[in-house]
Amino acid sequence: ALAAGAEGVGLLRTEFLFQERSTPPDEEEQYTIYRHVAQQMGDRPLVIRTLDIGGDKPAPYLPLPHETNPFLGWRAIRVSLALRGFFLTQLRALLRAAEHGNIHILLPMVSTVGEVQQVQALLNLAAASLAEEGQPHRRDLPLGIMVEAPSAVQLVDQLAPLVDFFSIGTNDLTQYTFAADRTNERVAALADALHPAILRQIDGVLRVAHAHGRWCGLCGELAGDADAIPILLGLGLDEFSMAPARIPVAKQLINHLAMPVVRRLAQRALNAADGAAVRQLVAGLVR
């Protein structure tokens, strides 16, 4: 990522540490890995997402039931809050690793205010236990949530006072908005992240987040889409999180865009008929 020109890590997926093994990583293993990445990134922001497991991402050592609709089931923050001791281990490792870099904590699949409040209580508990043990750690880590459930979009004004930043997950937000499973080829075409139905939600989140002094990133596939970048920039997106291979092209594109032009483009896109019409607007700008 650094070689490609990244200015931070917008999404470190910790579930990779927990899958394809018979036992979960303990606190020391997690701490060692988080610390290593933090040291590699130096002062750059490192956004680490807490465990997004469950649904379509199983772990053999966790009591995860088979579900007929896993994307709407017991997953992500729901699992973490149900397995408090398991979650506290990860939070303790993150607080310890934050001594070595600019770590931000990102919570996946938040759909209610109460979930954030529960996590804050667990963070306080983790910090208190580390302090009692004399373990070096930081408690003042920026805390953010992923906006991928439509309920979170509607509650941004209530969530903003509780968190330091937002990260919009357009992959899930899109399939939930259109009630279209992105893995089902018969309906996947409905789930177009450039549709005004999604862009209007992004616009609303950005406006509320900025009104509360919170920055907002985007970590869905849309962030690295050359058709989407001018519109996202025009809407006021603060951070683009994408696969490292897409960074050079994205940076080159942004460097050639004028803010007044993309702001006008974004407003026109919000009123377009569908995703195809939005792409035609962007094509006209490129030409």
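Note: the structure precedes this text.
About the cut-offs
- Residues numbered from 1 in each chain as written.
- Predicted model: local features only at pLDDT ≥ 70, side-chain atom pairs only at ≥ 80, totals over all residues.
- Heavy atoms only, no water.
- Helix = DSSP H or I, 4+ residues; strand = E, 2+ residues; numbered from the N terminus.
- Rg over C-alpha atoms; globule rule 2.2 N^0.38 Å.
- Buried < 20%, exposed > 50% of the residue type's maximum accessible area, 1.4 Å probe, protein only.
- Contact = heavy atoms within 4.5 Å.
- Areas by Shrake-Rupley, 256 points an atom, 1.4 Å probe, with all protein chains shown as cover.
- Lys, Arg positive; Asp, Glu negative; His and termini not counted.
- Charge placed at Lys NZ, Arg CZ, Asp CG, Glu CD.
- Pairing = 2+ DSSP bridges.
- Expected span 1.5 Å × (residues − 1).
- Axes fitted to C-alpha atoms, helices over the stretch in contact; angles between N-to-C directions.
- Left-handed = near helix turned anticlockwise from the far one by under 90°.

S.K.: Describe the overall build of the chain, with residues and values.
M.R.: Scanning the chain from terminus to terminus reveals 12 helices and seven strands. A globule of 287 residues ought to have a C-alpha radius of gyration of about 19 Å, and the chain, at 19 Å, matches this closely. A total of 287 residues make up the chain; the buried ones form 49% of that total. A separation of at least 24 residues holds for 70% of the contacts in the chain among residues at least 6 apart in sequence. Looking at the chain as shown, the accessible area adds up to about 13000 Å², and 52% of this sits on carbon and sulfur atoms. Side chains of the chain carry 25 positive and 30 negative charges; the gap between the two charge centres is 5 Å.

S.K.: Let's hear about the sheet that holds strand 1 (residues 9-13): which residues, and what values?
M.R.: Across the sheet, seven strands lie side by side as 1-2-3-4-5-6-7; this open sheet has parallel pairing. Each edge of the open sheet is held by one strand with a lone partner, namely strand 1 and strand 7 (239-240). Sheet analysis places strand 4 (residues 143-147) next to strand 5 (residues 165-168), joined by four bridges and oriented parallel. Paired with Val 147 across the bridge in strand 5 is Ile 168.

S.K.: Which residues make up unusual backbone geometry, and what values go with them?
M.R.: One non-glycine residue with positive phi stands out, namely Glu 20, at about 55°. Along the chain, the position of Glu 20 falls in the loop between strand 1 and helix 1 (27-41). Judged by relative accessible area, Glu 20 falls into the exposed class, the value being 82%. With phi around 50°, Ala 179 is a residue other than glycine that occupies positive phi space. Within the secondary structure, Ala 179 is located in the loop between helix 7 (170-178) and helix 8 (196-211). Ala 179 gets classed as exposed once you look at its relative accessible area, which sits at 71%.

S.K.: Any chance you could break down helix 4 (residues 113-133) for me, citing the residues and the numbers?
M.R.: Across its 21 residues, helix 4 extends 31 Å between first and last C-alpha, which sits within 8% of the 30 Å expected from 1.5 Å per residue. Looking only at helix 4, the buried set comprises Val 113, Glu 115, Val 116, Val 119, Leu 122, Leu 123, Ala 126, Ala 127 and Leu 130. The first or second residue beyond helix 4 is Gly 134, which carries a positive phi of 75°.

S.K.: Describe the packing of helix 1 against helix 3 (residues 84-97), listing the residues and the values that go with them.
M.R.: Taken N-terminus to C-terminus, the directions of helix 1 and helix 3 make an angle of 35°; their axes are 8 Å apart at the nearest point. Every pair of crossing elements has a handedness; the one defined by helix 1 and helix 3 is right-handed. Only Thr 89, Gln 90, Arg 92, Ala 93, Leu 94, Arg 96 and Ala 97 of helix 3 make contact with helix 1, whose side of the interface consists of Glu 27, Glu 28, Gln 30, Tyr 31, Tyr 34, Arg 35 and Ala 38.

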